[in-house]
Amino acid sequence: MPSTPELAVARAAAVTQDANFADSVFVSGLEGPTTMTFAPDGRLFVSEKNGSLRIVENGQLLPTPFLTLSVDNDNERGLMGVAFDPNFASNHYLYVYYTSIDGSIHNRVSRFTANGNVAVPGSELVLADLPTLDAANHNGGAVRFGLDGKLYVSVGENAVSSNSQSLNTPLGKLLRFNSDGSIPTDNPFYATATGLAKATWAMGLRNPFTFDVQPGTGTLFINDVGEGGWEEINRGQAGANYGWPMTEGYFTNRPGLTQPLFAYPHGTGTAAGNCIAGGAFYNPPIPAFPSAYVGQYFFADYTNNWISRIDPNSGAQSLFATAAAGPVDLDVGPDGALYYLSRGAGQVGRIAYTASLPPSIAQQPASTLVSVGNPATFTVSASGEPPLTYRWQRNGVDIPGATSPSYVLNAAQLADSGASFRVVVTNGLGSATSAAAVLTVTSNKPPVATIATPVAGATYTAATSMVFSGSASDAEDGALPPSAMTWSITFHHDTHTHPAMSETTGIASGSWPIPSIGESSASVWYRVRLTVRDSIGLTHTTYRDVLPVTVPLRVTSLPSGLQVLMDGRPFAAPHDTTGVVGVVRSVGVDSPQYANGRFWAFSSWSDGGAQLHTLTTPGSAATYTATFVETSGGSCYQIQSERSDKWLIVDVAGKVVAGSATQTGGQIFQLVPNGTRYKLKGSGDAFLAVVANQLAMSANFASGESFTQLPCGYGGRTRVGFQASLGSAPHWKETTPDGPIQSGDGGNGGACNPTDGGAWEGFYLEPVTCPGVSTGPVCGNGTVESGEQCDDGNTQSGDGCDATCHTETVSGAGCFRIQSERSDKWLTVDGTGKVAALSTTQTGGETFELVTSGANYKLKGASGAYLAVVANQLTLSAALNTAEPFTRYDCGVYGGRNRYGLASSTGTARNWKEVTLGAPIQSGNGGNVGICNPTDGGAWEGFYLEPATCPAAGR
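Computed from a prediction, not measured in an experiment: that's the story for all the values here.

Chemist: Could you clarify how one ought to interpret the overall build of the protein in this entry?
Modeler: Each helix and strand counted, the protein has 1 helix and 79 strands in total. Relative to its full complement of 955 residues, the protein shows a buried share of 53%. In the protein, the proportion of contacts linking residues at least 24 apart, taken out of those at least 6 apart, comes to 56%. For the protein, the exposed area adds up to about 37000 Å²; of that, 51% sits on carbon and sulfur atoms.

Pasting the structure below:
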């Protein structure tokens, strides 16, 4: 069981990589701090998770909060962000982001008016109420003003990854508002998004907990907390899509997505991390750091306790400090120091450049109470030009060997009670003496905390309640009442933690609802902690870890090897993962998909769900299979340029130009639907991409550009424009006659106007037969017409055929002899009615008639009996109404012959397979590992269907 050490209130200083910098404690006593921001007048505002906005003035934490909000602070919810109006000095406005409980639990952006160190009562103006929350994590929560005077707000996807790519929700986005909460009409998605999503400035984010805007330049960097393997810094750009959940970290072949400026992998050490949670540009009004640091971007990792910096221009990155005690936010103070917020310690740290500075005491040693025989620790935090030396004194007398920032008195005795301890800090420029701390030693014993439930070894499943109970006893006070007990629950994920139930005092038992929506990882557990305090202030803490019940899950496709989506992230099927029982997950697929030279359209999920749907992790191992059918993938066209009246061709360099004076000389393009956009396929497996702002036939399906088709409407012909997702002028345009079609720096001046040289261009689409279709109309119109046959051979009218067409064989009328690819023998029926591959000659094989049954087939033998599955073996023993319906899959041409697989509707491995050569063909425990692979012993089998004359009628 991994464990995360708890951060003590008294902490060691961060270790800077340059000895001329020193860390000190700026302020302590914060409860669950989340973010911080300096006011224009130099006060530091710190938001606490519980809803309090605290002020640090002149180095002191003021006892009265600026405001206290009613929040839901479960898990990652609470008060999460604060920003000051650019005109704060005159209008006194500040803005906060918090989890409201008004009506429903949702995140809210509000404006308040300040009156000195408190908010004006009743001054809240709600600017935006975000959607009701499902999960308690991935809230985002940072707010900042840009140089354009607009309010930017980072919002997490609420653990529903599909939100990040949807323009129907503001979740998973960086939003942009006017200061009064209205939405600017020049936002990049204003015209295409709905509702509050019109505020979207950039999308494709997972959990952008922090971001910052560079003074002077307006450069915006977004810190996005990753999931599977990477943490990202994204350069803010209007209209950018950063790719979650399709990708995280660096990627290739992702047209339309924006690469991160910098990404670092998950792991241990200073080159890796697990939670990017703070960022600040170093551009104070008067820099106090050397010039090499000015303009640098500082960022921190919460779990690995380091702070690094990166040059926004060159991308050069270097480590700045380690042992920074759980930093969740960074800011640059008006004094030019770098401040970091230490969540677990409840402190603000201050890293200052100390060259030529005498020592100063930032954190004084604190008086302490200990029980006799226990150690007593005193700690000081100081800054100044290094090296600093420490000299601890007891009652004004130097303590031999006590020369560290902390002094520990081992096994304090009653005689030590009342002693005072202080430290003298010295460097080459002077010295400073701390205040004295008083030690109190008591003969009383610390109390004892005992957790009764959950019991040792307890486990949990999601959507249940964590029930806890315990007791407290003290040698002097006896049994302690519930008022002496404080409970908390922490959610652990890999090497970092999330708050679950905040500290709750005054109860001996209770329960906390375990959410079913949120973190999908199985590397999780809960820690239940009980702290008890006796009448004189001695404490004792104990905890109990509760592990999840997990099961293996597989998401796969039929045929295998297509792409599936697990929690919104793409994987090649089959994809294996582990789930916590009861957690809601999502599975899905994109459709159509292109693989092995063919298009595949989604047909169904094995659990009956929609193309993209959620599921609750079951109590036992499960497989979810997406079945696809082969499809034409779209219609085919030749494309004529309206500007030149020529037809598009592909030149010898692979560029698309308007080069043919006749339609027959034009390239045939297949428009393949890709969501609401299209990819264009040319000859073979070549797809259209945008290379150096020119259309080039140089991509595959995955890397091909997705174009938006824009109707232009003109003169009774299909006239459209095409728009790429990249470039400042992404519309197609024949900028130079006979030159490559431009996209990226094409036209933006108007829509489809042939007389306007600045306009983007209109093109005429002329339907043609797709390559490889010899006769009949273009497939995909939903009806099987004369001369057409779907890929599965089903010719039933109205069956929704949208597959690649080929000419149906008239002679043979659906009767076949079937040869096993694995053994090269022909299927026969033995004396017990079992079907086995036994005949070495085609003429000795059984003649089977494929009888349509909806979208499937039933197989009829020469005797008139139909095929069934009996004890997982193919048996010719049924009537038409009791026969097994089989699905037929096209496995492609092999050795010049058409090859198929067949699958029944029952069994865990429903595909036909000659498991044992010469034995009956299996279905129900046949093969499920691969598709029609004769060299793979685990794969289900391919069969050759050779047309045969049907037996005479009346048999």
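Chemist: I keep staring at the packing of aromatic side chains and nothing clicks. Help me out?
Modeler: Geometry of an aromatic ring pair is reported as the spacing of the ring centres plus the angle between the planes. For the structure shown, the criterion picks out 42 aromatic pairs. Here the aromatic rings of Phe221 and Tyr297 are separated by 4.9 Å at their centres, their planes lie at 80 degrees, and the arrangement is edge-to-face. Placement of the pair is Phe221 in strand 18 (residues 220-224) and Tyr297 in strand 22 (residues 297-301), with a sequence separation of 76 residues. Just as Phe221 is buried, Tyr297 falls in that class too. One aromatic cluster is present, built from ring pairs that chain together Phe21, Tyr282, Phe289, Tyr293, Phe298, Phe320 and Tyr353.

Chemist: Looking at this structure, how should I read the pairing of strand 51 (residues 584-588)?
Modeler: Looking along a regular strand, one sees side chains alternate from face to face of the sheet. Most of strand 51 sits inside the fold, with 4 of its 5 residues counted as buried. For strand 48 (residues 563-566) and strand 51, the ladder comprises 2 bridges, and the chain directions are antiparallel. Residue pairing in the sheet places Met566 in a bridge with Val587 of strand 51. Pairing of strand 51 with strand 54 (residues 612-616), which is carried by 5 bridges, proceeds in the antiparallel orientation. Directly across from Gly588, in strand 54, lies its bridge partner Leu612.

Chemist: Teacher, can you tell me more about the nonpolar core here?
Modeler: Here is a general trend for soluble globular proteins: nonpolar side chains tend to be buried in one another's company. With 29 residues, the main nonpolar core has Val46, Phe299 and Val348 as its most contacted residues. When residues of this core are traced back to their parent elements, those giving at least two are strand 3 (33-38), strand 4 (44-48), strand 20 (262-265), strand 21 (276-281), strand 22, strand 23 (306-310), strand 26 (338-342) and strand 27 (347-353). Sort the elements by how many residues they give to this core and strand 21 lands first, with 3 residues. Among the nonpolar cores identified, the runner-up in size contains 26 residues, and Ala484, Met501, Tyr526 and Leu530 belong to it.

Chemist: Sorry, what's going on with the pattern of salt bridges here?
Modeler: Side-chain pairs of opposite charge can arise where the charged atoms are in close proximity. Applying the stated criterion to the full structure yields 21 salt bridges. For the salt bridge of Glu227 with Arg569, the shortest nitrogen-to-oxygen distance reads 3.7 Å. Taken together, the positions of Glu227 in the loop between strand 18 and strand 19 (230-235) and Arg569 in strand 49 (residues 569-572) put the pair 342 residues apart, joining distant regions of the chain. By relative accessible area, which is 19% here, Glu227 ends up buried. Note that Asp416 is salt-bridged to Arg394, the shortest N-O span being 2.8 Å.

Chemist: Just checking my understanding: could you explain the side chain of Ser381 for this structure?
Modeler: Mapped onto the secondary structure, Ser381 falls in strand 31 (residues 381-383). Judged by relative accessible area, which is 7%, Ser381 ranks as buried. Polar side-chain contacts of Ser381 include one of 2.8 Å to the backbone nitrogen of Val25. Among all residues touching Ser381, those that are not within four sequence positions of it are Asp23, Ser24, Val25, Ser360, Ile361, Ala362 and Gln363.

Chemist: Would you take a moment to explain the sheet that holds strand 52 (residues 593-595) for this structure?
Modeler: Each strand in a sheet pairs with its neighbour through backbone hydrogen bonds, running either in the same direction (parallel) or in the opposite one (antiparallel). With mixed pairing, 5 strands are arranged side by side in an open sheet as 50-47-55-53-52. At either margin of the open sheet sits one strand with a lone partner, and together these are strand 50 (575-580) and strand 52. For this sheet, the mean angle separating the axes of adjacent strands, direction not counted, is 35 degrees.

Chemist: I'm lost on unusual backbone geometry in this one. Help?
Modeler: Only a minority of non-glycine residues have a phi that is not negative, and only a minority of peptide bonds are not trans. With an omega of 0 degrees, the peptide bond running from Pro386 to Pro387 counts as cis. Its location among the elements puts Pro387 in the loop between strand 31 and strand 32 (389-394). A cis amide bond links Thr453 with the next residue in sequence, Pro454, at an omega value of 0 degrees. In this fold, Pro454 is placed in the loop between strand 38 (448-453) and strand 39 (459-460). A positive phi is found at Ala323, a non-glycine position, where the angle reads about 55 degrees. One can find Ala323 in the loop between strand 24 (317-322) and strand 25 (327-332). Of note in this structure, Asp738 is not a glycine but carries a positive phi near 70 degrees.

Chemist: Can you walk me through the sheet that holds strand 15 (residues 173-177) in this structure?
Modeler: Judged by pairing direction, the sheet is antiparallel, and its 4 strands sit side by side in the order 13-14-15-16 without closing on themselves. Taken across any chain shown, the strands that pair with only one partner, and hence form the sheet edges, are strand 13 (140-145) and strand 16 (200-202). Mean inter-strand twist for the sheet, computed between neighbouring axes without regard to direction, equals 30 degrees.

Chemist: Can you walk me through the pairing of strand 34 (residues 406-409) in this structure?
Modeler: Side-chain alternation along strand 34 places Tyr407 and Leu409 on a buried face and Ser406 and Val408 on a face that remains uncovered. Pairing of strand 30 (residues 376-379) with strand 34 involves 4 bridges; the strand directions are antiparallel. Residue pairing across strands places Phe378 opposite Tyr407, the latter belonging to strand 34.

Chemist: I keep staring at the environment of Phe281 and nothing clicks. Help me out?
Modeler: Tracing the chain through its elements places Phe281 in strand 21. As a C-alpha pair, Phe281 and Gln214 span 67 residues in sequence and 5.6 Å in three-dimensional space. Look past the residues within four positions of Phe281 in its chain and what remains in contact with it is Asp212, Val213, Gln214, Pro215, Thr219, Phe221, Gly295, Gln296, Tyr297, Pro312 and Val332.

Chemist: Teacher, can you tell me more about the side chain of Asn304 here?
Modeler: Mapped onto the elements, Asn304 comes out in the loop between strand 22 and strand 23. Classification of Asn304 as buried rests on a relative accessible area of 18%. Once residues lying within four places of it in the same chain are set aside, the contact partners of Asn304 are Gly267, Thr268, Gly269, Ala272, Gly273 and Asn274.

Chemist: Looking at this structure, I do not really get the environment of Pro365. What am I missing?
Modeler: Relative to the elements of secondary structure, Pro365 occurs in the loop between strand 28 (360-363) and strand 29 (368-371). Exposure remark for Pro365: the relative accessible area of 8% places this residue in the buried category. For Pro365 and Tyr407, which are 42 residues apart along the polypeptide, the C-alpha to C-alpha distance reads 9.8 Å. What Pro365 contacts, discounting residues up to four positions off in sequence, is Phe378, Thr379, Val380, Trp392, Phe421, Ser434, Ala435 and Ala437.

Chemist: For this particular structure, what's the right way to read the environment of Ala19?
Modeler: Mapped onto the elements, Ala19 comes out in the loop between strand 1 (15-16) and strand 2 (21-27). Since its relative accessible area comes to 54%, Ala19 is described here as exposed. Sequence separation between Ala19 and Thr354 is 335 residues; the distance between their C-alpha atoms is 8.8 Å.

Chemist: I keep staring at the confidence of the model for the protein and nothing clicks. Help me out?
Modeler: Detailed reading of the predicted coordinates is not advisable wherever pLDDT is low. Here the protein shows a mean pLDDT of 87. Residues at 70 or above account for 89%. This stretch, residues 1-10, has a pLDDT under 50; its non-local contacts, to residues over four places away or in other chains, come to 21 contacts. Taken together, the stretch residues 773-813 has pLDDT below 50 and engages in 83 contacts with residues farther than four places along the chain or on a different chain.

What counts, and where the lines are drawn
- Residues numbered from 1 in each chain as written.
- Predicted model: local features only at pLDDT ≥ 70, side-chain atom pairs only at ≥ 80, totals over all residues.
- Heavy atoms only, no water.
- Helix = DSSP H or I, 4+ residues; strand = E, 2+ residues; numbered from the N terminus.
- Buried < 20%, exposed > 50% of the residue type's maximum accessible area, 1.4 Å probe, protein only.
- Contact = heavy atoms within 4.5 Å.
- Areas by Shrake-Rupley, 256 points an atom, 1.4 Å probe, with all protein chains shown as cover.
- Phe/Tyr/Trp six-rings, centres within 6.5 Å; stacked < 30°, edge-to-face > 60°.
- Pairing = 2+ DSSP bridges.
- Core = buried A, V, L, I, M, F, W, Y, C linked by side-chain atoms within 4.5 Å.
- Salt bridge = Lys/Arg side-chain N within 4 Å of Asp/Glu carboxyl O.
- Polar contact = N/O pair within 3.5 Å; in protein donor to acceptor, adjacent residues only side chain to side chain.
- Axes fitted to C-alpha atoms, helices over the stretch in contact; angles between N-to-C directions.
- pLDDT = per-residue confidence, 0-100.

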